[in-house]
Each structure stands twice: as C-alpha cells, then as structure tokens.
Amino acid sequence: MPSIYLSPSTQEKNLYVTGGTEEQYMNLLADELVPYLRSSGISYSRNTPDMTAASSIRASNAGNYDLHLALHSNAAPEGRYGTVRGIDVYFYPGSAFGERAARLLANNLKKIYPLPDRVRAVPNTSLGELRQTKAPSVFMEIGYHDNREDANWITSNLPEIARNIAGSLTELFGLPLVPPQQEQAAVVSTQGGNLNLRSRPSTSAQVIARIPNNTQVTVLGRQNDWATVAYQDLVGFAYAMYLRIL
C-alpha cells in the first residue's frame, strides 16, 4: 500500500489577489484530494495549518513515506507582481522517483490548465521540502495567486485539480483511480473462508491481509468487481461480491 505525506501550504500571510490565502486554498485542495487517496488505496498523513515547513519536514521524516507532496501557489517577484502565470512542479535533482512524479504531475496538469505551455517540471536544490525530506519529494507551485486569472482558475477548479493530481498519483503507483463515494460499513460474507485483501485490484497482487468471514470493514470505493476496503489499519482491495453492505 503506497503512502504519502501530504503537506499543503502553511503560509497564511500569502494573499490571493481575489481574496483568501495560500494556506486556505491549498488546504481546501488537500481536502478535495484526500477522498481520492482513500478510495484509490493510497494511505497518507497530513500536516496542519498551525505547523511550519520545518515541522512538516520533521513529521514527514518521522514516518516511512513513498512520496512527500507539498501543495503551494506561487507569487511573482517584486516588480512583476500580477504579470506572471504558470505551474511549476519542482523535484530534487538526482531523485529519479521524485523527477518521475514531478513530470507525471506536470504533464497531466497541462490537460486542464488554460496555458499548458507554461506548465513544467523543474529541478530545484533550494527548497527545504525537496532537499531535507527523507522520502522522494515534489513541491507544486500551482499557479500564481497574485495574478487574477490564475487565482480565479485555482479557486474555481479545486475539485478538478484534485482529481487530476490524484490521477497522477495513482498512475505513479500503478493503481486505478477509484472515484470517491460515501464510506459504507460492510460485512465479509464468504462461505466460511477468509477474504483476501490485496495491494492492488488483481488476483495476482500481494495479499496484505486475510479477513475472517463475518468481519466488519469499511468500503471506501468501488470499481468494477473490486472494492477499496479499510480493515484495521490497512487499506487494500477485495472482491466486492464477498462484501455485504450494512
């Protein structure tokens, strides 16, 4: 089960030209992203608005994550305020997985951003959330909040941006993008045997748990014959036909 550390901006003083803050909108974006992570079988931990970049890095390094994902929006340098647009997805040079993740995120964002030629994956050695994290890291600058067109695009398209990012993450980890649904309680209903919980929706995927018959679980999503299931502290995939919704 892949795991990410989700680090939306904690910069409450970075103001959007249209109102609101970078911290506010990046946390709203994370709120939209989380249901896709759960329904698609990606576990996560997340910082909180009262944290800083430094404490987010420490929290990330205290765990074992496959990716550290920082969500931010950008601002133009002095003298160019309000005149710059685009999306930069930063990665640390030498991190093959980080670069792969950044390029995948950038390429997919080109499909929804109004100026696709201004979306790029960029190496960077100065950002702490790239050079100080134990996990491979991506630092996303999603548009310029000092530019009215970009600010409006971000604030009006949070669900679409979240779905696009989720699609990149599932592609990165080799998982299906499972649409979120209202979580449902269910009971394992076999003919007496255990139900295999697998790392991916395939009968050849690793079995990460065997759930006894009559055990209650939580269904997070469903696609075709497979359900995304939370069982104890695990999330994986199980045959939906052996789950009875309560």
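Report on the accompanying structure. Along each chain, residues carry numbers from 1 onward, in the same order as the chain's sequence is written. This being a predicted model, a pLDDT of at least 70 is required before a residue's local features are given, and a value of 80 or more before pairs of side-chain atoms are given or counted; all residues contribute to the totals for chains, interfaces and linings. Hydrogen atoms and water are omitted, and side-chain values are computed over all heavy atoms in the structure.

Examining the packing of aromatic side chains
Here a Phe, Tyr or Trp ring, Trp counted by its six-membered ring, pairs with any other such ring whose centre lies within 6.5 Å, and the pair is stacked when the planes are under 30 degrees apart, edge-to-face when over 60, and tilted otherwise. Going through the model one piece at a time under the given rule, you end up with seven aromatic pairs. Here Y239 and Y242 contribute two aromatic rings whose centre-to-centre distance is 6.4 Å and whose plane-to-plane angle is 75°, an arrangement assigned as edge-to-face. Here the term buried applies to any residue with accessible area under 20% of the maximum for its type, exposed to any over 50%, and partly exposed to those in between, with areas from a 1.4 Å probe on protein chains only. On the basis of relative accessible area, Y239 is assigned to the partly exposed category, the value being 31%. Connected via pairs of aromatic rings, a cluster forms that spans W226, Y239 and Y242.

Focus: the pattern of salt bridges
The term salt bridge refers to a pairing of a side-chain nitrogen on Lys or Arg with a carboxyl oxygen on Asp or Glu at a separation within 4 Å. Under the definition given, this model contains five salt bridges. The salt bridge partner of R46 is D31, with a shortest N-O separation of 2.8 Å. With R46 in strand 2 (residues 43-46) and D31 in helix 1 (residues 22-39), the pair connects residues that are 15 residues apart, well separated along the chain. Residue class for R46 comes out partly exposed when judged on its relative accessible area of 26%. A relative accessible area of 42% means that D31 is categorised as partly exposed. Its salt-bridge partner being R85, residue D150 comes within 2.7 Å of it at the nearest N-O pair. One end of the pair, D150, is in helix 5 (residues 148-156); the other, R85, is in the loop between strand 3 (67-74) and strand 4 (87-91), and 65 residues separate them in sequence. Here a helix means four or more residues in a row that DSSP labels H or I, a strand means two or more in a row labelled E, and each is numbered from the N terminus.

Considering the nonpolar core
Judged by nonpolar contacts, the single largest core of 47 residues is most densely connected at L29, L69, L71, V138, M140 and I165. Setting aside chain neighbours within four positions, we find L69 in contact with Y5, L6, S7, L33, L105, V138, M140, I165 and L169. Side-chain atoms within 4.5 Å are what join buried Ala, Val, Leu, Ile, Met, Phe, Trp, Tyr and Cys residues into a set we call a nonpolar core. Grouped together as the second largest cluster of nonpolar side chains are 14 residues, V217, A227, A238 and L243 included. Contacts are residue-level and defined by heavy atoms, with any inter-residue pair within 4.5 Å sufficient.

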